[in-house]
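# Secondary and tertiary structure notes
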Amino acid sequence: MLGEKEKDSQNFDENNVDFETNAENNEEIEIDEENYVYEIKPTVLKTITDNILPIKIEDEMKSSFLDYSMSVIVSRALPDVRDGLKPVHRRILYTMAELGITSGTSYKKSARIVGDVLGKYHPHGDASVYESMVRMAQPFSLRYPLIDGHGNFGSIDGDEAAAMRYTEARLAKISNKMIEGLKKNTVNFRPNYDSSEVEPEVLPAKFPNLLVSGVSGIAVGMMTKIPPHNLIEIINSFIIFAKNPEIDINNLIASLPGPDFPTGATIYGKNGINQAYLTGKGSFLIRAKAKIEQLNSGKSRIIFYEIPYEVKKPTIIEKVAFLVKNKKILGIKDVRDESTRHGIRVVFDIKKGFNPEIILNKLYHSTDLQISYSINMLALVKGVPKLMNLAQIFSYYLEHQKEINLRSLNFDLEKAADKLNVLLGIKIAIENIDKVIEIIKASKSDQSAQEKLANIFALNPGQTKAIIEMRLGRLTSLAIEKLVTEIEDLKIEINEIKAIIESPNKLIELIIEQHKNVSEQFGDQRRSEIIAEISYLDEEDLITDEQVIISLTQNNYVKRIPLEEYRLQNRGGVGTLASNHYKDDELKSLYITNTLSDLLIISSNAKIFKLRAHQIPDSSKQGKGIPFLNLIRLEKNENISSLIPWNQDYENHWLITVSAFGNIKKTELNAFCNIPKKGKIALKMVENDYLVSAFIIPDNPNINILIASSQGLVNRWPIKLLRKTGRISIGVKGISLEKGHKIIGACFTYGDDFVFSLSKNGFGKKTAVSEYRVTGRLTKGLISIDSTKAGNLVFVSTIKNNQEAIITTKKGFAIRIDLDMVPIISRRTKGVKLIKLKKDDEITSVSLIKKSENKN
């Protein structure tokens, strides 16, 4: 083993140093390693060395990046404003035209087409060519597909096309208008990547394909996104521009309704569309089309039959499943994709009791059933990217149409002139046929004959050649007559062509007529409906404000019931079954509120939650409801203690909470304006204590608080004796309780109400508040009902005239009575029978309602 120093020395000798040798003695010269000084020389060039030119790295990076970016922009990512095609799309169409795979021929293998495109014009991967070709054949990607595909070319669900060895294709009929005139020298050609072939710089394109087909592409530092349009609408708008290129841009914009997507759907936001047509940039919303079906069972379903452009159905369904699983959207029972090749049909089954309008609104706002589409009308103009408005796009396209039509006309004019020249020569020969035959017979060769004919009859080489090659059949009288007619027709055709070439107005008329023919041949009805502006609806815009009953069970099942389901009855009856529930559950309480009211929900863990009443699913008395856990974030073993309906301003109001042990607390209500989903601490409870009553009072010093105990006593004292405390405080004692007794309820009064008392055995009465004298907080209170005859007190509340009560029992029975029918009796009496209880049944809750607020 070598030591570390010896290793370093060995490595040094072998790898880093070339030993100097004595030329004369051929002896190695040893180097003093300890005193040897290592010198590292910089390799940065400052002058030209070995044909290497020094350049700053930042300059090289800048130049190389710009070259790369321009290559991507011009050669791959952006379309040309004239034909609306990217290079790969143009090369595919041109290759198919060269191969003769037009709309009137049989299909050819896609692999054959892709191979020719790659080998001749597009030196990139075959996947990029085939994917571009597939997209041009998809009726859900292009408004008017440019390729007629045969086989599996993918689906709107995002399924990929079959491999190119399995599919076949040919040009679509409308693509004939893209390549029409290529043989007439209408466009310039350039060498391909290896100069072995030539390809067109642009296609003739006899319709504004940039706007009709639309395009999207991302280049270096820029992007384009142009939506597809309806062919008829685009051509009509273009014709208006062609007739008057100086037209006001706003008038031009008014002539074009907006984009038209192959998948239909509804477009919202005409202002955003107009902004894009005016500036080149804008945005609008696309919303799926849906209908709601109401079923006889009371359930409903939402059916989507058109979805936004470029949105995949599986993505929507997956997102909805996620939202349902995480309880972001409630009420959806099932989702089914019933789409066929005849159309889209995605069905959402809605549970009974849920408003389908609200769920539909949530689906729009939470999924891709509603998307924002941004327009960025960027295209190449003479090889340079340019953001354009509608008028500029039409202007460049019109110049392109003028150019290709002029070049086509000049091509036709040249051909017609050449043909007329030949026919005139033949006419001269026929008129002098004997002399011509004599000259030809006397000539030794064709060349000699042509020269003699040219000299004698003043003919040009084209005419003399045609005479020499003329058949004898041209000498018949019929042929001569046809010749004369053909000459006259050619003269007329030449004059017409010259007239168009020389007249800009006639050239425009020709362009307009061509586009009208395209519109008539390939135009169809609009698919996307356009609505000026979207009306943003909150959930409450879809809710009818009406009085309802919120039903709560011991196991925290909740439901919303129309108040009308509880009909008014006379006092003393047994009531009707108020609710169905599970075997191990019992009805706990009913609360009367409005659908647009807030519900302040206080749990057994002393947390407060907030919910709108309409967010609780609608049901019937026979429905069991849903767990409150589906609506708010309750912890394990956490129950609902109280619900407080509230539909007023939070300012200048107080939340009063009273516990079973008699602790009462006053907290500012605006402390609960903003409550997070996980809840907010409302009060602090001592061990074994629980919330009995919670209600809201205005900020009024004349208010008196009434607290009732299970022993039948009611304590009345002024609110000024209760100071405000923080959210997490316990509060103070509101009544002096004897051992074994608890608080059964609390309320407030201004001093001119009645006290409604109800006993365990169903006896109730009204007593003037004035019979309850004002005392202090820590007193026992005064007798409110004769508990020895009526049973223990279970409910106390202050009421006014024109009120009703719904009394519910443990076994789920309820009776709705008019409190005006309850007699006014003194404090110490037992009252009258309001409800007849069944064996082992007892009263669980009482809800009050004003008669003036309901229709019954």
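Residues numbered from 1 in each chain as written. Predicted model: local features only at pLDDT ≥ 70, side-chain atom pairs only at ≥ 80, totals over all residues. Heavy atoms only, no water.

Positioned with a positive phi, serine 195 is a non-glycine residue whose angle comes to about 60 degrees. Tracing the chain through its elements places serine 195 in the loop between β4 (189-191) and β5 (198-200). For asparagine 802, which is not glycine, the phi torsion reads 60 degrees and is therefore positive. Along the chain, asparagine 802 falls in the loop between β37 (793-799) and β38 (803-809). The partly exposed category is assigned to asparagine 802, whose relative accessible area is 44%. (Helix = DSSP H or I, 4+ residues; strand = E, 2+ residues; numbered from the N terminus. Buried < 20%, exposed > 50% of the residue type's maximum accessible area, 1.4 Å probe, protein only.)

Time to look at the sheet that holds strand β22 (residues 598-603). Spatially, β25-β22-β23-β28 is the arrangement adopted by the 4 strands of the open sheet, whose pairing is antiparallel. Sheet topology places β25 (640-646) and β28 (680-681) at the edges, where each strand pairs with a single neighbour. Across 6 bridges, β22 lies against β25 in antiparallel orientation. Within β25, the residue paired with isoleucine 601 across the bridge is leucine 643. (Pairing = 2+ DSSP bridges.)

Two elements in contact, helix α17 (residues 477-502) and helix α18 (residues 504-522), have axes whose closest approach is 5 Å; the angle formed by their N-to-C orientations is 105 degrees. Considered as vectors, α17 and α18 are oriented roughly perpendicular to each other. Contacts between α17 and α18 involve Ala499, Ile500 and Glu502 from the former and Pro504, Lys506, Leu507 and Leu510 from the latter. Here the residues of the contact of α17 with α18 are counted per class, giving 5 nonpolar, no polar and 2 charged. (Axes fitted to C-alpha atoms, helices over the stretch in contact; angles between N-to-C directions. Parallel < 35°, antiparallel > 145°, perpendicular 65-115°, else oblique. Contact = heavy atoms within 4.5 Å. Nonpolar A, V, L, I, M, F, W, Y, C, P; charged D, E, K, R; others polar.)

Turning our eyes to something else, we now look at the nonpolar core. Counting residues in hydrophobic clusters, the biggest one holds 138 residues, and the most contacted among them are Phe304, Leu363 and Phe628. Broken down by element, this core gets its largest block of residues, 14 residues, from helix α13 (residues 390-431). Not counting residues up to four positions away in its chain, the partners in contact with phenylalanine 628 are Leu552, Asn556, Val558, Ile601, Leu611, Ile616, Leu634, Ile640 and Leu643. Ranked by size, the runner-up nonpolar core spans 17 residues in total, among them Leu758, Ala805, Ile817 and Val846. (Core = buried A, V, L, I, M, F, W, Y, C linked by side-chain atoms within 4.5 Å.)

Before going further, it helps to examine helix α16 (residues 461-468). When α16 is considered as a whole, its buried residues turn out to be Gln463, Thr464, Ala466 and Ile467. End-on, the buried residues of α16 take up no more than an arc of 160 degrees, which puts them together on one face. On its buried face, α16 is in contact with α13, α14 (433-442) and α15 (446-457). (Arc of directions from axis to C-beta.)

The UniProt entry lists Tyr166 under the feature "active site" (unreviewed entry), expressed in the numbering used here. Here tyrosine 166 lies in the loop between β2 (147-150) and β3 (168-171). (UniProt positions renumbered as here; feature names shortened; annotations may be inferred.)

Right, let's talk about the pattern of salt bridges for a bit. According to the stated counting rule, one finds 37 salt bridges in the structure shown. With a shortest N-O distance of 3.7 Å, aspartate 349 and arginine 301 are connected by a salt bridge. Of the two residues, aspartate 349 sits in strand β13 (residues 346-350) while arginine 301 sits in strand β11 (residues 300-306), which places them 48 residues apart along the sequence. Judged by relative accessible area, aspartate 349 falls into the buried class, the value being 15%. A salt bridge links lysine 724 to glutamate 668, with the shortest nitrogen-to-oxygen separation between them at 3.8 Å. (Salt bridge = Lys/Arg side-chain N within 4 Å of Asp/Glu carboxyl O.)

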